[in-house]
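So you can see what is in the structure, the chains are spelled out below.
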Amino acid sequence: MEIPILLRETVRSGRRTYRSAGPPLLLLVASSVVGIGILLPLVYLVLRAAGAGDELWRLLLRPRTAVILFNSVALSSAVTLSTIAIAVPLAWLVVRSDLPLRRFWTGLLIVPLAVPSYVGGFVLIGALGPRGMLQRLLEPLGVERLPEIYGFPGAWLALTLFTYPYVFLVVRAALQGMDHTLEEASRSLGHSGWSTFWQITLPQLRPAIAAGGLLVALYTLSDFGAVSLLQFDTFTRVIYAHYQGSFDRHLAAGLALVLVVMTLLILVLEHWSRGRAYYHRGAQSGLRSLRRVNLGRWRLPSLALCSCVALFALVLPGLTIGYWLFRSVTYTTSFSSLPLLAWNTLWVSAATGIAAVILAVPVAYLTVRFPGRPLRLFEYAIYLGYGLPGIVIALSLVFFGANVAPIIYQTFFLLIAAYLIRFLPQAYGNARTSLLQVNPSLEEASRSLGHSWHATLRAITLPLVRGGATAGGILVFVTTLKELPITLLLGPIGFKTLATEVWTNTAEGFFAEAAPVILVLLGVSLLPTLLFARKEP
């Protein structure tokens, strides 16, 4: 039986936009300031690349550059598709089904987001590498050598295991805000659960999947830690080599501009994938409680799926870190610096998360309620920063601080500004998805009663997007916890975080000293994770 046309049109029908006399001037000014600040690294890259001359073209047109381009595209595509395949079923299970211990699984499945990519690479090498823990366990059974973990397989596995929560969080927030009366209408017409999911639920999740997939794709393009440890050449690894191995920064800037072009192409693809449908709730959806789906005989396979993901993303890193933690206790490693490192990490990450929400919501409001090419430029500007390696953003702001604004050079203001350029899309994507689900008629009713736009925003819109905006702030907070190159280059003198301490120890091969710091880093991430899980309805 086909889904009735009227029901499908409720999900897929043509564009409906909310337009008043025009976008508020105050929001336009605020969004313009955000956009200009985020474009600073791009200006730096253009100025640097312009000084390379013909040498830049010879570098870009050589066969080796084509191989690196292919590697970057292949890794980004594979990781994005894998994270979507993992995260969407998990999000549906913890929100829409009667899965046992849903709050427990929700908190557990978010925790891998706090694992830095370089720690993930180290864990895979230590556990699954040719001389790792698994190899030693299998030696009595006659297994002398495991398959090679280095290269594409290792980089793909590490980035998939520790980036799928980006999609999981966004899709979970979308499922919580979705109009479930459409699904109930479909089931009342005799459609099966699968038919309802494919024809009703999945189309409504398209913006959330696109937003989460966009974050994963851009994160993979800009990652340095995992691809370096697992020896897979992408643009970030080559750019870092150029920055570290040569005083000539022009060629590295030219390669970074290729990343900018790739980011723009991904943004266009993501915008196309959204389609022209609208996704806000119906007027009656909030009046009825959610009826969860009985898993029945699928309960055990569902628990097995959650357990399998937790095994590879949490238990395996836990065992590897536990082994080195035991070694650190044996060697009486000093833990006196841990409280200060934890405090530095917490407050700077919290400040970045709060600032990201404050900046992201106005821009999301403009791009959702007043869609059009001019305002879409704000959205493109926000995502451009996420596609740039952290080291490129840091060096551009070093150049800006040293030559244009020395008063903010080596201050926390410049450090947090760099974090925001890098991670603002995480807050923006969640705020935008939540706004898409707010019925514009609620705001129109408020305006028709004589309330101003800012009174309507405060009384109607913000309370309805608070969940998605909070999720975005938590994403920014957790991601800032593990940020490395920006902190190393822009942190004030003497300022250290847990991430910089982990990198310093692992780079020197002091894994026993790094283990307790990694443990504290993961422990710090649990607090926002548990607070977030308590909001589960």
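Residues numbered from 1 in each chain as written. Predicted model: local features only at pLDDT ≥ 70, side-chain atom pairs only at ≥ 80, totals over all residues. Heavy atoms only, no water.

Here we take up the overall build of the protein chain. When you go through the protein chain residue by residue, the secondary structure sums to 24 helices and zero strands. Going through the 537 residues of the protein chain one by one, you find that 54% of them count as buried. Within the protein chain, residue pairs in contact and separated by at least 24 positions form 85% of the contacts whose partners lie at least 6 positions apart. Within the structure as shown, the protein chain displays about 23,800 Å² of accessible surface, and the carbon and sulfur contribution to it stands at 68%. (Helix = DSSP H or I, 4+ residues; strand = E, 2+ residues; numbered from the N terminus. Buried < 20%, exposed > 50% of the residue type's maximum accessible area, 1.4 Å probe, protein only. Contact = heavy atoms within 4.5 Å. Areas by Shrake-Rupley, 256 points an atom, 1.4 Å probe, with all protein chains shown as cover.)

This next bit is on the side chain of Thr163. Looking at the element boundaries, Thr163 is found in helix H9 (residues 152–177). At a separation of 2.3 Å, a polar atom in the side chain of Thr163 contacts the main-chain carbonyl oxygen of Leu159. Apart from residues lying up to four places away in sequence, Thr163 is in contact with Val79, Thr83, Val216 and Tyr219. (Polar contact = N/O pair within 3.5 Å; in protein donor to acceptor, adjacent residues only side chain to side chain.)

Even without glycine at this site, Gln231 takes up a positive phi of about 60 degrees. Inspection of the secondary structure assignment puts Gln231 in the loop between helix H12 (225–229) and helix H13 (235–245).

Let us look at the environment of Asp98. By the secondary structure assignment, Asp98 is in the loop between helix H5 (63–96) and helix H6 (102–110). Classification of Asp98 as partly exposed rests on a relative accessible area of 27%. Excluding its chain neighbours within four sequence positions, the residues that come into contact with Asp98 are Arg292, Val293, Asn294, Leu295 and Arg299. A distance of 3.0 Å separates a polar side-chain atom of Asp98 from the backbone nitrogen of Leu295. Side-chain polar atoms of Asp98 contact the side chain of Arg299, separated by 2.6 Å.

This part covers helix H3 (residues 40–50). For an α-helix, 3.6 residues make a turn, and residues three or four places apart therefore share a direction. Listed in full, the buried residues belonging to H3 are Pro41, Tyr44, Leu45 and Ala49. Here the buried residues of H3 occupy an arc of 125 degrees about the axis, which is enough to place them on one side. Summarising the geometry of H3, the exposed residues directed more than 90 degrees from the buried face are Leu47 and Ala50. (Arc of directions from axis to C-beta.)

This brings us to the confidence of the model for the protein chain. Per-residue pLDDT for the protein chain has a mean of 79; in total, 86% of the residues score no lower than 70. The element-level mean pLDDT for the protein chain is lowest in helix H1 (residues 5–12), coming to 44, with H5 highest at 92. For the stretch residues 1–18, pLDDT sits under 50, and the model shows 44 contacts to residues farther than four places along the chain or on other chains. (pLDDT = per-residue confidence, 0-100.)

Using the criterion set out here, one finds three salt bridges in the structure. Between Arg237 and Asp233 there is a salt bridge; the shortest N-O distance is 2.8 Å. Exposure remark for Asp233: the relative accessible area of 21% places this residue in the partly exposed category. Ionic contacts of the salt-bridge type, sharing partners, join the residues Arg64, Asp233 and Arg237 into one network. (Salt bridge = Lys/Arg side-chain N within 4 Å of Asp/Glu carboxyl O.)

We now examine a nonpolar patch on the surface. On the surface, a nonpolar cluster with roughly 350 Å² of combined accessible area is contributed by Leu311, Phe312, Val315 and Leu319. Tracing the sequence through the fold places Leu319 in helix H15 (residues 299–330). (Patch = residues over 30% accessible without salt bridge, like charges linked within 9 Å, V, L, I, M, F, W, Y side chains within 5 Å.)

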